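Below are the chains, spelled out letter by letter.
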Amino acid sequence: MSDQPMTGRQGTFGSLREQLLDAAETFAGGPVEVSGILSGLVDDVDRALREELEIFPVCHHSPASALAMVRRLREKQPKVIYLELCEDLQPLLTELRNCRLPVAVQAFATDLDGFPKTWAPLSVVAPITEASAEYQAIAYALDTPGVELVLVDRSTDHVFQWAPGEEPRPKAEEGAGLHGDAVGVEIGDLRPRFAELEEHLLHHGKVRHWSEWWDQYVEQPLSGADYDTYRQVMVLVGSLFRRLRPEGDARLTVDEDRERHMWTRMREHLAASGADPADCLYVCGAFHAASRVEEFGLRSTATFEISPRTGTKWLYGLIPSSHSAIEAQFGLAPGSVSIAAATWTKALTRSKLTPFQLAGQKGARRRQVKLPPPAPQGEVADKLTGFLSRPPALDPLDEAELLGWSVDIVRLARRNGYLASTADAIAVYETSILLAGMRNRARPTPYDFQDAAVTCIEKDVVPGRRDVRRLCEILLGGDKLGEVGYDALPPLARDVYDRLAPLGLDLEKRTIQRALLDLNAEPELRPCSDLLWMLRYLLPSDAVRPIMGERRLGERSIQESWDLAFGKHQRSIIELGYEGVTVEQVVEQRLRRSVWDQKATAAVALAAVEDAILFLGSRRFADELGARAVELLASERTVDDAPDVLRRIRRLLAHYRATEPELPAWCEAFVTAGYAHYCTLLPTAFVDDDTGVRQVGAMLGFLFGMESLALSLGCERAQLELAVQQSHPGSPAKVALLWAAQHQLGLLPLAALRSRCDELLANPLVIPSFPQYIIGFVQALEPVPALSGFVVEVISKAFGRLPDNVLLPWLPKLITALRAGAAELVPLLVREAGRTFPGSLTAVDSWVPPWTARPKPAVTAAPVAAGPVAELLRAHPAACDAVAGVLGCSGEWAAPGEPAGDPRVAALLAAHPEPALAVAGLLG
């Protein structure tokens, strides 16, 4: 299509075209390029209005569009409505009657075929509110006999086929939680794609953001306009934003393909159904109404080949939405959708219009709509010239409304901790009028009122969670949340609600509800407990939160308490229905998917085994996951997950030993594979700088802790001894770990280990790195827990021998290293210290550390047995010989005058006289 002005034919808008061209030449002093743009705008409006199929241009979530739609549907009463919405979403629209708006129609896919796997999951949502033209058209079509609704936009599969760029999925923003990271589909994205143009409009319109500009200069003037004026102005705005776009706009190609797709589908439907175009209505965004593609119009002969869909399996459903979620996803100003809803309600009251509503709609009363006879369509007149030439009609000040806002915001502010008074209400009222006058408005808008309230009420700090701007949003409508009815839920979601019915709670409420389960007194609630633990695994953490009770291997709670927020997280439950029919099936699929993922590790597989035991109780499935864990462990080339592997395999072995007569085959295979695997990687891990001391300690913990089981299964201890002897670490912490491993293997006695540590403490060059040796010894408590006393000894010697000028500089380093690298082992160290050190303060002064060398007693001559006792025993030796025979002792009688007894016994008694004195005390 040519962009040149239609100078040869005046047409309906010939006069307007000439006025715009004359104004452009007068303003610039001669012909300029802007004259072509202005003439093109008129051409686009003329072309859209001359089309045989009536085009209804709309803006997404626009009260003015919804009001015009209600009026036009009552006048025209079309038999066919073509709607700009993904064509494969049509079967879902009938389920809207079971929901409370706003909700979003969603298409979801996890099993991708034809798209990169990294894009999964794919999600497309189309939010629908009552104050939107598309909902009015849907409600009219579904509840009016003989009316057909046809969705003509490209399918959700084509949304991603045609998406520009590498990955079309947006990042989830804070506040868009109900929609997540879904791609939003909206009718009528009317926003300048030229940043300078938007900035210019905001500056000269004296507004802060685009939503306020649109409300002030488009919504309000068009809310009471007649249909022809509304239609011409919307096409003009769409054409303006379409022509004033930056060069190379990638979205334009997609938009044009969408327009070709829609016109192709409409021509196909008209040819197949034989419907009269005069009885049809095409509802699309104003941007698409000003289309200039060759396929535009029913009489176009241009063809557009629609590519086939990929093999991706799409699942469809409804999810709850909210005003804030719509605002966050589509980049609207906070509170704009709520203000639009309030504007819609007020306009209905003022115009006395009855909107269309689906029968059985939740959350609203049924309105009976009586349609008058359809009015004939007359000739299209030029309403655009008058609209652009006359000044906008200014609404008079509604003093009662503004006064009510001012009083209510003060009352709401006081409830939220603000020190507001009647004087603040008066100040808000007067400031709103003042701001509206400064912005050339006769009537304060909700945005003027917000600014005035913030200025007059919010002083220095916000006393509560909500600031004044948020309070104004609540006052003007609030963040309305939608709800999907039970009948519109997928089978899995309905099954969840049915299985939790014994709890006696209304799970559709948005408030947090407390569930109390006494599983001993009410064993019939145990299935509910099992389901709640599975939902705890699948849903966000704050949707199902246990307050009391836990579920771990070998442990089952007898009483549980839960906080349930299903109403707030209904979307998450609905999307579970896209993955399976039951919760158990979804758990199994996720566990299987996690262990077969490309990034899966042995630790991930062991965690999946544990979850399968806890949630599903299936021995077969747990064995399948365990076999996968053995494969993953054998294929790993790093030991980054060694601590997690050690912790989980220990827990699983303890569980099976307590509940099964024998270990599963995969456990035995895992132990033997892990023993060989870690023995092979041990020398490399000791010298690798990327492998931490914690990982090496966990490897040694696996090797020493599983040694007896591994040896019984056929492993050889020589493999571990060779691995330790081939290890030559350089870092102090790993050196300490190696010494501990050598001590455990019997290669390094404790006395030699103590001597080495004493040498380190005596070497001033090693003292700065001594905390690292301590970290290594602390990590050695994992594989060699018997060294706990020795570690206490080493730390005590360091604190006792080093001077303060040496000790204080590395003390923070020691504390930081212990906290970061061995937090779970410090309690073991503390318990050992409690057993070693005296328990009272008075005993500290006389306490002698057990590792301190005691002075050797003086060597004295062995005592000579003499006296009546010795003479009696020598006279009757038979009694002593009999006792010695019973005790298995052998010896000879000493002659009179010779030393009696073993001198080593005498030396022992002299060094430690306490036992002999205690025996003597007992004997009196």
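Keep in mind the model is a prediction, meaning the values are calculated, not measured.

K.L.:
Even after reading the chapter, I still don't get helix α25 (residues 665-687), so can you show me in this structure?
P.N.:
Note: α-helices contain 3.6 residues per turn, so residues at a spacing of three or four share the same orientation. The end-to-end C-alpha distance of α25, which contains 23 residues, comes to 34 Å, matching closely the 33 Å that a straight helix rising 1.5 Å per residue would cover. Of all the bends in α25, the greatest, near 45 degrees, is centred on L681, and the proline P683 appears no more than four residues after it.

K.L.:
Sorry, what's going on with helix α8 (residues 227-243) here?
P.N.:
For α8, built from 17 residues, the straight-helix expectation of 24 Å at 1.5 Å per residue is met to within 8% by its first-to-last C-alpha distance of 24 Å. A large share of α8 lies buried, amounting to 16 of its 17 residues.

K.L.:
Please explain the pattern of salt bridges as it appears in this structure.
P.N.:
Between side chains of opposite charge, a pair can form when the charged atoms approach closely. Applying the stated criterion across every chain yields a total of 48 salt bridges. One salt bridge connects D448 with R439, and the closest N-O pair in it is separated by 2.5 Å. On the accessibility criterion, D448 (0% relative accessible area) is buried. For R439, a relative accessible area of 16% puts it in the buried group. A salt bridge links E588 to R592; its shortest N-O distance comes to 3.2 Å. A residue pair is termed a helical-turn pair when its members lie 3 or 4 positions apart in one helix, as E588 and R592 do in helix α21 (residues 583-595) at four residues. Residue classification places E588 among the partly exposed residues on the basis of a relative accessible area of 25%. When salt bridges with common partners are traced through the structure, they connect E84, D153, R154, D255 and R258 into a single cluster.

K.L.:
Just checking my understanding: could you explain the pairing of strand β11 (residues 513-518) for this structure?
P.N.:
Within a regular strand, side chains alternate between the sheet's two faces. Only one face of β11 is covered, namely the one carrying Q513, A515 and L517; the face carrying R514, L516 and D518 has none of its residues buried. With six bridges joining them, β11 and strand β13 (residues 559-564) adopt antiparallel strand pairing. Bridge pairing links R514 to D563 in β13.

K.L.:
It is not clear to me how the packing of helix α14 (residues 399-415) against helix α17 (residues 468-475) should be interpreted in this structure. Could you clarify?
P.N.:
Helix packing geometry: the angle between the two helix axes and the distance between the axes. Interaxial distance between α14 and α17 falls to 10 Å at its minimum, and their mutual angle equals 120 degrees. By the angle between their directions, the pair α14 and α17 is classed as oblique. At the point where α14 passes α17, the crossing takes the right-handed sense. The segment α14 lies against α17, with W405, D408, I409, L412 and A413 engaging L471, C472, I474 and L475. In terms of residue class, the contact of α14 with α17 is built from eight nonpolar, no polar and one charged.

K.L.:
Would you mind showing me how to read the environment of E268 here?
P.N.:
Note that E268 resides in helix α9 (residues 250-273). Taking the relative accessible area as the measure of exposure, E268 reaches 40% and is therefore partly exposed. Taking C-alpha positions, E268 is 10.0 Å from L298, a pair spaced 30 residues apart along the chain.

K.L.:
Just checking my understanding: could you explain a nonpolar patch on the surface for this structure?
P.N.:
A surface patch of nonpolar side chains, amounting to about 290 Å² of accessible area, comprises V869, L873 and W893. Summarising the element assignment, L873 is placed in helix α35 (residues 868-875).

K.L.:
Would you mind showing me how to read unusual backbone geometry here?
P.N.:
Negative phi is the rule for most residues except glycine; trans is the rule for most peptide bonds. That bond from L101 to P102 is cis: its omega, 5 degrees, falls within 30 degrees of zero. Mapped onto the secondary structure, P102 falls in the loop between β3 (99-100) and β4 (103-109). Its identity is not glycine, yet Q77 carries a phi of approximately 50 degrees, on the positive side. Phi angles above zero are rare outside glycine, and K352 is one such case at about 60 degrees. Topologically, K352 is positioned in the loop between α12 (336-351) and α13 (384-389). Relative accessible area serves as the criterion here: at 76%, K352 is assigned to the exposed category.

Calculation rules
Residues numbered from 1 in each chain as written. Predicted model: local features only at pLDDT ≥ 70, side-chain atom pairs only at ≥ 80, totals over all residues. Heavy atoms only, no water. Helix = DSSP H or I, 4+ residues; strand = E, 2+ residues; numbered from the N terminus. Expected span 1.5 Å × (residues − 1). Bend = angle between axes of the 7 residues up to and from the residue. Buried < 20%, exposed > 50% of the residue type's maximum accessible area, 1.4 Å probe, protein only. Salt bridge = Lys/Arg side-chain N within 4 Å of Asp/Glu carboxyl O. Pairing = 2+ DSSP bridges. Axes fitted to C-alpha atoms, helices over the stretch in contact; angles between N-to-C directions. Parallel < 35°, antiparallel > 145°, perpendicular 65-115°, else oblique. Left-handed = near helix turned anticlockwise from the far one by under 90°. Contact = heavy atoms within 4.5 Å. Nonpolar A, V, L, I, M, F, W, Y, C, P; charged D, E, K, R; others polar. Patch = residues over 30% accessible without salt bridge, like charges linked within 9 Å, V, L, I, M, F, W, Y side chains within 5 Å. Areas by Shrake-Rupley, 256 points an atom, 1.4 Å probe, with all protein chains shown as cover.

Structural measurements only, silent on function.
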